[in-house]
Amino acid sequence: MPHEQQVVLSHPPQLPGGTMRIVPLGGLGDVGRNMTVFELNGKLLIVDCGVLFPEEVQPGVDLILPDFDYIRDRLDDVVGIVLTHGHEDHIGAVPYLLRMKDDIPLVGSQLTLALIEAKLEEHRITPYTLAVTEGQLEQLGPFELEFVAVNHSIPDALALFIRSEAGTVLHTGDFKMDQLPLDGRITDLRAFARLGEEGVDLFMTDSTNAEVPGFTTTEKDIGPVLESLFGRAQRRIIVASFSSHVHRVQQVLDAAAMHQRKVAFVGRSMVRNMGIAAHLGYLNIPDNTVIDMKKVDDYPDNRIVLMSTGSQGEPMAALSRMANGDHQVQIQPEDLVVLASSLIPGNENSVFRVINGLMKLGAEVVHKGNAQVHVSGHASQGELLYSYNIVRPRNVMPIHGEVRHLIANGRIAEATGVPTEKVILAEDGSVVDLKDGHAEIVGEIDCSYVYVDGKSIGEITDADLKDRRVLGEEGFISVIAVINRQTGKIVSGPDIHARGVAEDDTVFESVKPKIIKALEEAAASDKKHTNHQLQQVMRRAIGSWVNRKLRRRPMIVPIIIEA
């Protein structure tokens, strides 16, 4: 199977002329922070630049970015950043990249560029943009780009076909094959077939649903379910979705209008994105349906729908704050809450915590687990099989997914006749070279998580996060002792202060003599101990006692003061 290719690799060789180098900096191993760099004859093309949202094991982190170190010193060589669609995991890191060089051209569809321009305005960056549509050709340095319409859970998504002297690449972006999409814009399989006839040297395909049998359900199936829910609801309806899911919001607006309800958008990103979508004609708002959040109290509860952010349990998003009771919208008994989204891997606990909080307040919660209120935006196994059979690629490189998704996608490619050695299972930092119809991994580069923590970017390390987890789970102990270096005797202390370890600091009285004995023995020994070494003696003495007596491994901060 293709996973047998995974070996320890060295730094890649120098790139020969006429060879295309492909380096994923994010999105291979996670569902998020998608970013791939294509290099040819000294020029770089970037496809997508997204963020990953943190999990519970990354406390305090706001966002996770791709690692830009690989291109940091070569930004003048970047001919453009192509954005396949407007989801945060594909555009969210653009502001952080453009802070380094703000005149790199952004290429994408009308809606995608409008969403990123609004985001960049908050960062006080005015980008240089090039709007493209399906079928359009553009030459960026040595890369000729052709854009292909694909269907996804946001309008205006595009696949990208790259022609070059080194070969051709078809990058699907995120896609599915909904044959009855709400906007009538289907994935252009005729273009896929035409490009397959021309010859696709490397097919980079969305892997998110590669473990899901069959075909992804059509969006049209959601509308009747929402209309039925709206018809039986007695009080307010609160629908949570991604702030960029224009199709889902359209269905909520239509259902609300059918049942004479008013809709208010809740959450800054929801208000902003739906304003953009409506202005550009991607969202059709029925007359007299949308109201300002400030006017919600002017209507009875059975006439109100709140369209909110927070479907993934994000702590600061509107729905989480409602569940915690610290939002202007107070959940009341018999409110109907609809979570119209899939669970992103890693977010399950956060979402279930929000569901429990809402139900504890008396709300009825409907989600994908108990009703057909959401369909995925990604191709399932059946659609991927069609894609491989239509395109007939020479080489396949699964993208966008966790390792299990990438491996499953590779097996689907093999099932359609792609030779095992032509299925390239790369990961973030893998270096893939393409030349004369042959693609292979030739090395790897360092590629780590870059954490955004408040105003700091890249300053927080995995070691810092480990310390935070220890503090949160095991507690904190400080031990302070004053020692006379002439006599080796303890002058004062040890004073022990703890947080999150024991109810009362008096439990540490029995360990103080052990600490004094260990310190005085170390100070009296023939070996001259430094302050740091004495601190470690004190750390070991209390650490072993706490571990044995209290079964805890807290963070211990020892302090020695010389008298």
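A quick note: this is a predicted structure, and the numbers were derived from the prediction, not measured.

Visitor: I tried to follow the overall build of the protein chain on my own but got confused; where do I start?
Guide: Helix and strand counts for the protein chain stand at 14 helices and 25 strands. Classification of the 563 residues of the protein chain by burial places 55% in the buried group. Sequence separation of at least 24 residues holds for 72% of the intrachain contacts in the protein chain that already meet a minimum separation of 6. Of the roughly 24300 Å² of accessible surface on the protein chain, 49% is carried by carbon and sulfur atoms.

Visitor: Which parts of the structure should I look at to understand the packing of aromatic side chains?
Guide: Both the distance between ring centres and the angle between the ring planes are used here to describe each pair of aromatic rings. Here the structure, examined in full by the defined rule, presents four aromatic pairs. Their ring planes at 85° and their centres at 6.4 Å tell us that F192 and F203 sit as a pair that is edge-to-face. Note that F192 is positioned in helix α4 (residues 189–198) and F203 in strand β12 (residues 202–206), a separation of 11 residues in sequence. Arranged with centres 5.8 Å apart and planes meeting at 55°, the rings of F215 and Y386 form a pair that is tilted. Here F215, found in the loop between β12 and α5 (222–232), pairs with Y386, found in helix α10 (residues 381–391); they are 171 residues apart in sequence, far enough to count as distant. Note on F215: relative accessible area 52%, which makes it exposed. With a relative accessible area of 48%, Y386 lands in the partly exposed category. Linked through ring pairs, F175, F192, F203 and Y388 together constitute an aromatic cluster.

Visitor: Teacher, can you tell me more about the pattern of salt bridges here?
Guide: Opposite charge on two side chains allows them to pair when their charged atoms are near. This structure, assessed with the given rule, holds 25 salt bridges. For D77, the salt bridge goes to R74, with nearest N and O atoms at 3.1 Å. The partly exposed category is assigned to R74, whose relative accessible area is 24%. Two residues, R185 and E134, come together in a salt bridge whose shortest N-O distance is 3.0 Å. Placement of R185 in the loop between β11 (167–171) and α4 and of E134 in the loop between β7 (129–131) and β8 (137–140) is noted, with a sequence separation of 51 residues between them. Overall, the relative accessible area of 14% leaves R185 in the buried class.

Visitor: Whenever I open this one, the UniProt feature "binding site: Ca(2+)" (unreviewed entry) in the protein chain confuses me. Can you help?
Guide: The UniProt entry lists G60, D62 and D453 under the feature "binding site: Ca(2+)" (unreviewed entry), expressed in the numbering used here. Relative to the helices and strands, D62 resides in the loop between β3 (43–47) and β4 (63–65).

Visitor: For this particular structure, what's the right way to read the sheet that holds strand β5 (residues 78–82)?
Guide: Consider a sheet: its strands pair through backbone hydrogen bonds, and that pairing is either parallel or antiparallel. On the basis of which strands lie adjacent, the open sheet formed by eight strands has the order β7-β6-β5-β3-β2-β1-β19-β20 and mixed pairing. Strands with a single pairing partner mark the edges of an open sheet, and in this sheet they are β7 and β20 (438–444). When strand polarity is set aside, the average angle formed by the axes of neighbouring strands in this sheet is 25°. Pairing between β3 and β5: four bridges, direction parallel. Note that in β5 the partner of I46 across the bridge is I81.

Visitor: For this particular structure, what's the right way to read the UniProt feature "active site" (unreviewed entry) in the protein chain?
Guide: Per the UniProt record, the feature "active site" (unreviewed entry) sits at D206 and H378. Taking the farthest pair of C-alpha atoms as the criterion, the annotated set spanning 173 residues converges on one region, since that pair is 7.3 Å apart. Mapped onto the elements of the fold, D206 is located in strand β12. Here D206 falls in the buried class, since its relative accessible area comes to 0%. Dropping the residues within four chain positions of it, D206 is found in contact with T172, G173, D174, F175, H378, A379, L384, I399, H400 and N409. Here H378 shows up in the loop between β17 (364–366) and α10. Overall, H378 belongs to the buried group, its relative accessible area being 12%. When near neighbours in sequence (up to four residues on either side) are disregarded, H378 contacts H152, D174, F175, K176, D206, T208, N209, T216 and H400. Among the polar contacts listed, one links the side chain of H378 to the side chain of T208, at a separation of 3.4 Å.

Visitor: What is the right way to read the environment of D335 from this model?
Guide: As for its position among the elements, D335 is in the loop between α8 (318–324) and β16 (336–339). Each C-alpha atom, one on D335 and one on A363, is 4.8 Å from the other, the two residues being 28 residues apart in sequence. Here D335 is in contact with R235, R236, I238, Q330, A363 and E364, once residues within four sequence places are set aside. Polar contacts involving the side chain of D335 include one to the side chain of R236, which spans 2.6 Å.

Visitor: Would you explain the environment of I480 in this entry?
Guide: Structurally, I480 can be placed in strand β23 (residues 476–484). For the pair formed by I480 and I561, sequence separation is 81 residues and the distance between their alpha carbons is 7.6 Å. Leave out the neighbours within four places in its chain, and I480 touches G493, P494, D495, I559 and I561.

Visitor: Can you walk me through unusual backbone geometry in this structure?
Guide: We note that N288 has phi near 60°; this positive angle belongs to a residue other than glycine. On the secondary structure map, N288 appears in the loop between α7 (268–279) and β15 (304–308). Judged by its relative accessible area of 66%, N288 falls in the exposed class. Phi is positive for H400, which is not a glycine, with a value near 60°. Assignment of secondary structure puts H400 in the loop between β18 (395–399) and α11 (403–415).

Visitor: Can you help me understand α4 in this one?
Guide: The periodicity of an α-helix, 3.6 residues per turn, causes residues three or four positions apart to be oriented the same way. Among the residues of α4, A191, F192, L195 and G196 are the ones counted as buried. All buried residues of α4 fall inside an arc of 140° around its axis, so they share one side. For α4, the exposed residues lying more than 90 degrees away from the buried face are R190 and E197. Of the surrounding elements, those touching the buried residues of α4 are β9 (143–149), β10 (158–164), β11, β12 and α10. Its side-chain oxygen placed 3.3 Å from the backbone nitrogen of R190, D188 serves as the N-cap of α4. Positioned one or two residues after α4, G199 has a phi angle of 120°, which is positive.

Visitor: Teacher, can you tell me more about the packing of α5 against helix α6 (residues 246–258) here?
Guide: Helix-helix packing is described using two parameters, namely the angle between the two axes and the distance between the axes. Axis separation between α5 and α6 bottoms out at 9 Å; the angle between their running directions is 40°. Here α5 lies oblique to α6, going by the angle between them. Viewed along their axes, α5 and α6 form a crossing whose handedness is right-handed. Residues I222, G223, L226, E227 and F230 of α5 form the contact with α6, whose own contacting residues are R248, Q251, V252, A255, A256 and M258. Partitioned by chemical class, the residues of the contact of α5 with α6 number seven nonpolar, two polar and two charged.

What counts as what
- Residues numbered from 1 in each chain as written.
- Predicted model: local features only at pLDDT ≥ 70, side-chain atom pairs only at ≥ 80, totals over all residues.
- Heavy atoms only, no water.
- Helix = DSSP H or I, 4+ residues; strand = E, 2+ residues; numbered from the N terminus.
- Buried < 20%, exposed > 50% of the residue type's maximum accessible area, 1.4 Å probe, protein only.
- Contact = heavy atoms within 4.5 Å.
- Areas by Shrake-Rupley, 256 points an atom, 1.4 Å probe, with all protein chains shown as cover.
- Phe/Tyr/Trp six-rings, centres within 6.5 Å; stacked < 30°, edge-to-face > 60°.
- Salt bridge = Lys/Arg side-chain N within 4 Å of Asp/Glu carboxyl O.
- UniProt positions renumbered as here; feature names shortened; annotations may be inferred.
- Pairing = 2+ DSSP bridges.
- Axes fitted to C-alpha atoms, helices over the stretch in contact; angles between N-to-C directions.
- Polar contact = N/O pair within 3.5 Å; in protein donor to acceptor, adjacent residues only side chain to side chain.
- Arc of directions from axis to C-beta.
- Parallel < 35°, antiparallel > 145°, perpendicular 65-115°, else oblique.
- Left-handed = near helix turned anticlockwise from the far one by under 90°.
- Nonpolar A, V, L, I, M, F, W, Y, C, P; charged D, E, K, R; others polar.

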